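Each chain, written out:
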Amino acid sequence: MKIITILGARPQFIKAAALSNAIESHNQVDGNNHIEEILVHTGQHFDANMSDVFFEELGIKKPKYNLSISGGNHGEMTGKMLIEVEKVLLEEKPDWVLIYGDTNSTLAGALAASKLHIKVAHVEAGLRSFNMKMPEEVNRILSDNVSSLLFCPTNVAVENLAKEGITKGVCNVGDVMFDVTLHYQNIAKEKVTLDQFDVSENSYILSTVHRAENTDSPERLTNIIKALAKVAETTDVVLPLHPRTRNIIQSQGLEDKLGNIKIIEPISYLEMLRLEMSAQLVLTDSGGVQKEAYFNYAPCVTMRDETEWVETIEIGANELVGADCDAIIAAVKRAQTKDISSLEQVYGDGKASQKIIEALLNY
Ligand code: UDP
């Protein structure tokens, strides 16, 4: 079986690590059902600390194709990717195209493959925020509609698809990001120290901000920065800053509002995991980081108006606060007194990648 995996953005490298490594292991024990996986990097994220570091650290093999497509408007970026991915698919003639999550790379892979009648497998299918203004929501819905295999992380995702009339090829395999967290937790503890970040166990807040709805709204971004700076007056706030957010902070002249926030460059996955493991709480607008906070028993405060990861809210691991300064500060105080260490894990059993491989082979 030949699979082309399309990736291009940071969260996809992390998700792909689980499956790519599981495919390698599968090939070592089952020579009769060999899977050839070829990686195509669209180039959406290209900085060393947004891309290369994940390939090196998580042992992901080198992409055979590097399309070097980044920037521009959504249509332009997706269109360029569509053109280039189609060329690769015509050349390689894979049995499957594997796509992850909800980025423009996901959609371009889905469209290019389905138009060539190549089967699409979507990992992290069925997630919905029900906010069509999010570019990610458009990418998810369209990708799910052309996929033959839809690997959902939760039952809620399965139900979302059923409501849209999609039931064929849908399976709840659990979350590949949970596989990765479980695999790397001990390694992160061995390789990364909190001293590197000048913080100590359970005494700091880990934050990330990059969602377009926050960065592209001067009002929301200013509110978020004010809230982080206020919290940082009393508790260390570590903020590995996404390049998009850094650029906007600079162009809006918001640097003088950053106060004591410990701003650092984007960090590697192991560094991020280590910080998640010992954080007092996590304050984020990321999709993946909300879940990772919970995987690592850190309460989460999410600076968005809705979330795809509704289970984390329902079980009390996460709280949605939007982008209001006072609401963020109040939610941080509540989260600081929360203990979520006895919550059950609801994102599968850490074997999502194996289940995906079995489903692909049995299709
Ligand atoms: N991440 C990382 N370094 C950072 C920030 C995030 O390795 O400086 C990881 C994080 O642990 C998670 C993934 O990137 O696995 C989440 O990606 P991001 O927040 O960019 O995207 P989203 O999940 O919102 O789509």
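Residues numbered from 1 in each chain as written. Predicted model: local features only at pLDDT ≥ 70, side-chain atom pairs only at ≥ 80, totals over all residues. Heavy atoms only, no water.

Topic: the packing of aromatic side chains
Summed over all chains, the structure comprises nine aromatic pairs. When the ring of Trp-96 is compared with that of Tyr-363, the centres are 5.0 Å apart and the planes differ by 80 degrees; the resulting orientation is edge-to-face. Of this pair, Trp-96 sits in strand β4 (residues 96–100) while Tyr-363 sits in the segment after α15 (352–362), placing them 267 residues apart in sequence. Residue Tyr-363 is classed as exposed on the basis of its relative accessible area of 52%. Note on Tyr-294 and Tyr-347: the rings are 5.8 Å apart at their centroids and 75 degrees apart in plane angle, and the pair reads as edge-to-face. Residue Tyr-294 is located in helix α12 (residues 287–295), and its partner Tyr-347 is located in the loop between α14 (325–336) and α15; the two are separated by 53 residues in the primary sequence. (Phe/Tyr/Trp six-rings, centres within 6.5 Å; stacked < 30°, edge-to-face > 60°. Helix = DSSP H or I, 4+ residues; strand = E, 2+ residues; numbered from the N terminus. Buried < 20%, exposed > 50% of the residue type's maximum accessible area, 1.4 Å probe, protein only.)

Focus: helix α10 (residues 243–251)
Along α10, the residues that are buried comprise Thr-245, Ile-248 and Ile-249. When α10 is viewed along its axis, its buried side chains cluster within an angular range of 100 degrees and face the same direction. Elements that come into contact with the buried residues of α10 comprise α8 (212–215) and α9 (218–231). Of the residues trailing α10, Gly-253 is marked for its positive phi of about 65 degrees. (Arc of directions from axis to C-beta. Contact = heavy atoms within 4.5 Å.)

Some thoughts on the pattern of salt bridges
Across all of its chains, the model carries 23 salt bridges by this definition. Arg-304 is paired through a salt bridge with Glu-213; the nearest N and O atoms lie 3.5 Å apart. One end of the pair, Arg-304, is in the loop between β12 (300–302) and α13 (310–314); the other, Glu-213, is in helix α8, with 91 residues separating them in the sequence. The exposure class of Arg-304 is buried, given its relative accessible area of 1%. (Salt bridge = Lys/Arg side-chain N within 4 Å of Asp/Glu carboxyl O.)

Focus on the pairing of strand β8 (residues 204–208)
Most of β8 sits inside the fold, with five of its five residues counted as buried. The alternating pattern of β8 places Tyr-204, Leu-206 and Thr-208 on one face and Ile-205 and Ser-207 on the opposite face, and all of these are buried. One ladder, built from three bridges, connects β8 with strand β9 (residues 236–240); its direction is parallel. Bridged to Ile-205 within β9 is Val-237. In the sheet, β8 pairs with strand β11 (residues 281–284) via four bridges, with the strands oriented parallel. Bridge pairing links Leu-206 to Val-282 in β11. (Pairing = 2+ DSSP bridges.)

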